[in-house]
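# Survey of secondary and tertiary structure
Listed below are the residues making up each chain.
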Amino acid sequence: MTSRTPFLIIVFALIVTGISSIYYRHVEMGVPLTAGEQIDIWQIEAEIEFTGKNEPVNAKLTLPKDPKFELVDEFTASPAYGVHVFREEDKSEVVWSKRQVQGKQTLYYQASYKRAINPEKEPAPAEDIVADVWSEPYQSSAQTLLNHAIEKSGNQQFLVLQVLNIIKTDNQNVALLLSKYSKTEVFVQLMQMAKVPAMMVSGLVLEDSRRNQQLIPLLKVYINNGWQMFNVENGELGNDLPILVWQQNSPSLLDLVGGRNSKVVFSISHSTQSALQEANSSATKGDFFDFGLYHLPIDEQNLFKGILLLPIGALVVVFLRVIIGLKCSGTFMPILIATSFIQTELINGVVGFLLIVSVGLVIRSYLSHLNLLLVSRISAVVIVVIGIIVLFTVVAFRMGLTEALTITFFPMIIMAWTIERMSILWEEEGGKEVLIQGGGSLIVAVIAYLMMDNYLIRHWAFNFLGVHALIMAAVLLMGQYTGYRLLELHRFKPLAED
Amino acid sequence: MFDFVSPFKLRDRGIMGMNQRNFSYIGRYNDRALYPNVDDKLKTKNLAIDCGIAVPDLLGVVRFQFEVNRVFEILENHNGFCIKPAKGSGGKGILVILKTDENGYMKASGDYVPREEVVRHITNILAGLFSLGGAADVAVIEALIQFDPTFKGLSHEGVPDIRIIIFQGYPMMAMLRLATHASDGKANLHQGAVGVGIDIATGKAKRAVQFDRPITHHPDTDKSFADVAIGNWDRMLNLAAGCYEMSGLKYLGADIVLDKEKGPLVLELNARPGLAIQIANGMGMLPRLKHIETIDHRRIASIEDRVAYAKSHFND
């Protein structure tokens, strides 16, 4: 059967497209797999204070560059200053400038950061490390300390721990070095002498509602193929608080020309935001997999949220008919009934549906005695259905049954057509067949509703369009299913038993 | 209700399921462009007349609403008649009038209907109430079948017919469909009609079922099915096999009635015949379908050859 090959290719392509699009949306764009997932957003405000010297001012603030964090948004507040944000590969900075500045000045830079979904790996350091040579006697003291540490450690990792321990002791070599250098500087020097890549960085501890924070000096050491951070001045780093690396390899945090008494302090606040909203708002326009759905006006988006549920309903219908063998009238009708149930809620929907259809059937049987042409009869049924809906709504409202008001959500034409089909069926095949097919349609509609109303499925249907490619593949595959339907196993039972 | 049988067991017995019928036989063998040949009864009738296939006489056709009253002119000359939609399906919209007298028109059930009822029925047919997809339709008025006394006491309140499945022109499986009170005079098995499996080789009854369960006697008349045999069986098989050339469809169900005077007549053809025939015969269709698929169809066999082949290979 040669005709199967292209079919299988199409199905395979649909599955691959579906899965890769879901993967891309989740892993690359960070669309969460479950609805209502929250992500942490850190809002950091840098406050720069200085006193103007009545001359032009140029203030450069180095901006953080930490691959573990992603910038969500930023803004600056600084009246009458010209502001530019420069973003370059190795260094980003914001520059304020003003022709003449006198007196106390305050500049603000505010940025929101979230954890990067898949952080870029930091490059491995260059192989050849050349340590500075300190003046004597500091250089020999350092060498002694290092030799001491090397002796007591088996590998790089232990060496680092050993050096950390030694710096904390009141060894006289340590005391000598600390009289001139900071602990961090000593540590970096020792590491570089031992050919272990290490550098000084400054970072900000991200803790909610902190004000007047300073950058803290930190150490980054390359061990086991990864950079690890240490706080040498104040001991260990708390694992629970994230640290944003602000400065690395850059000369200074603030570079101020034309002012004095400059000071930079940070305040931090933490908030959470819907991960979904965040992922969609940060999606670049024209992204291949999002098809611009999220850039549509909200109204249209809501419309699509409804439309994109229909394939789920179709899948249910195909499954129940082809695999289970349930009888229902029409293919699309149960899906449409299910969409009305979404508006009305299940119980109200089923009760309303049964009420309208049964009253409609009675009235329609009278109409059939009037000897009308088909078109005018269906139109008459539509008008009668409207009448029934109005009547039920008014009566329910009078009785205080506000739930019944949702009956108005039923699409008129679906009700009229259901009544029409059911009454033809009744005349032709009897009430039993009406029960079988009508009941079948209702069961299919209820199952389709339960699927379509599931918040997780709704989330997936709208946010992962790849799901629809998978549904398409499943529907196509089921179209080729030639096995028995479940209910046929019951129907043909007598045949297998003789 | 919820006792199921293993699908492997069904497969072993060669029983064809609905999905396999739709996909492997109807979808593969029946050209959709040929469907109107069987879905439009007027077209079927004209084709049958051209091909020399015996069908009930056509008394008249009502195509337009203004013609509706003309039907009574046609009917004046005929006592009993049958009004059906040309594009109806599953026996929908068929009005059978046994005789006309001063009380009005008598239906098969013995109830009388007034003239207005007949007019309304035709109006409904023209509007497409019974046709597939609700398309506008025409009403076909046919002569009534004077059914053969062989079936006396076997069919209750309705005409018995013989459904023969023809695959690639070979008659393959047959059943006699008998109306019951439960089926309200209709011959559809799912409505409660009795299906009697018929041996292709001999035309004799094998077993009978109602509502998919085996029975031995007619539920209304209590007549035994054991010695039912269809007279003129060869002629019936030839008629059925000829429907293949006439319709062009390779998987086909032919509904044939036995008229007292005219012998077997093709009442209706069906491009999607149901699967209950397997239950009536107590056997699956797949072995026979597969058997016919292995025959070399490049050399065109005559109707007689095909019938003879079927009779020698499909005896039970």
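None of the values given here were measured: they were computed from a predicted structure.

## What about the overall build of chain B?
From N to C terminus, chain B includes 10 helices and 13 strands. Here the C-alpha radius of gyration of chain B, 20 Å, is about what a compact globule of 316 residues would show, namely 20 Å. For the C-alpha atoms alone, the extent of chain B along its principal axes is close to 55 × 45 × 40 Å. The burial tally for chain B puts 55% of its 316 residues in the buried class. Of the contacts formed within chain B by residues at least 6 apart in sequence, a portion of 62% connects residues at least 24 apart. For chain B, the computed accessible surface area is about 13300 Å², with 51% contributed by carbon and sulfur atoms. Within chain B, the 37 negative side-chain charges are centred at a point lying 6 Å from the centre of the 38 positive side-chain charges.

## Some thoughts on the pattern of salt bridges
Residues and elements named next belong to chain B. As enumerated under the stated definition, the model contains 16 salt bridges over all chains in all. Here Glu117 ties to Arg120 by a salt bridge, and the two come within 3.3 Å at their closest N and O atoms. Taken together, the positions of Glu117 and Arg120, both in helix H6 (residues 115–127) and 3 residues apart, correspond to about one turn of that helix. Classification of Glu117 by relative accessible area gives partly exposed; the value is 28%. By sharing partners, the salt bridges in this structure join Asp161, Arg163, Arg177 and Asp255 into a single network.

## Thoughts on the domain arrangement of chain A
All names here are of chain A. As far as domains go, chain A holds domain 1 (39–119 + 268–276), domain 2 (138–258) and domain 3 (300–497). Relative placement of domain 1 and domain 2: their C-alpha centres are 26 Å apart. Facing the 26 residues of domain 1 at the interface are 23 residues of domain 2. Counting each side, the surface lost to burial between domain 1 and domain 2 is near 2100 Å², with a carbon and sulfur contribution of 63%. For the interface between domain 1 and domain 2, the tally reads 0 salt bridges. In this assembly, domain 1 and domain 2 are joined by 5 residue pairs in polar contact (both at pLDDT 80 or more). Those elements that place two or more of their residues in the side of domain 1 that touches domain 2 are strand S1 (38–62), strand S4 (92–115) and strand S11 (259–274). For the side of domain 1 that touches domain 2, the class distribution of residues is 13 nonpolar, 5 polar and 8 charged.

## Brief notes about the side chain of Asp255 of chain B
Residue and element names in this part refer to chain B. Tracing the backbone shows Asp255 in strand S12 (residues 251–259). Here the side chain of Asp255 touches Arg163 through a polar contact of 2.5 Å, side chain to side chain. If sequence neighbours within four positions are ignored, Asp255 has contacts with Asp161, Ile162, Arg163, Arg177, Leu265, Val266, Leu267 and Glu268.

## Thoughts on the packing of aromatic side chains
Going through the model one piece at a time under the given rule, you end up with 14 aromatic pairs over all chains. Taken together, a centroid distance of 4.9 Å and an interplanar angle of 85° make the contact between Tyr29 of chain B and Phe167 of chain B edge-to-face. Placement of the pair is Tyr29 of chain B in helix H2 (residues 18–29) and Phe167 of chain B in strand S7 (residues 161–167), with a sequence separation of 138 residues. For the pair Tyr29 of chain B and Phe167 of chain B, a shared accessibility class is recorded, and that class is buried. Arranged with centres 6.1 Å apart and planes meeting at 75°, the rings of Phe81 of chain B and Tyr105 of chain B form a pair that is edge-to-face. Of this pair, Phe81 of chain B sits in strand S2 (residues 81–85) while Tyr105 of chain B sits in strand S4 (residues 104–107), placing them 24 residues apart in sequence. We note Lys98 of chain A situated over the ring of Tyr81 of chain A; from NZ or CZ to the ring centre the distance is 5.2 Å.

## A few points about a nonpolar patch on the surface
On the surface, Leu8, Ile15, Ile19 and Leu477 of chain A cluster together to form a nonpolar patch covering roughly 320 Å² of accessible area. Residue Leu477 of chain A is classed as partly exposed on the basis of its relative accessible area of 40%.

The rules behind each value
Residues numbered from 1 in each chain as written. Chains lettered and ligands numbered in written order. Predicted model: local features only at pLDDT ≥ 70, side-chain atom pairs only at ≥ 80, totals over all residues. Heavy atoms only, no water. Helix = DSSP H or I, 4+ residues; strand = E, 2+ residues; numbered from the N terminus. Rg over C-alpha atoms; globule rule 2.2 N^0.38 Å. Buried < 20%, exposed > 50% of the residue type's maximum accessible area, 1.4 Å probe, protein only. Contact = heavy atoms within 4.5 Å. Areas by Shrake-Rupley, 256 points an atom, 1.4 Å probe, with all protein chains shown as cover. Lys, Arg positive; Asp, Glu negative; His and termini not counted. Charge placed at Lys NZ, Arg CZ, Asp CG, Glu CD. Salt bridge = Lys/Arg side-chain N within 4 Å of Asp/Glu carboxyl O. Domains from an automatic or database assignment. Buried area = accessible area lost by both parts, 1.4 Å probe. Polar contact = N/O pair within 3.5 Å; in protein donor to acceptor, adjacent residues only side chain to side chain. Nonpolar A, V, L, I, M, F, W, Y, C, P; charged D, E, K, R; others polar. Phe/Tyr/Trp six-rings, centres within 6.5 Å; stacked < 30°, edge-to-face > 60°. Lys NZ or Arg CZ within 6 Å of the ring centre and 35° of its normal. Patch = residues over 30% accessible without salt bridge, like charges linked within 9 Å, V, L, I, M, F, W, Y side chains within 5 Å.

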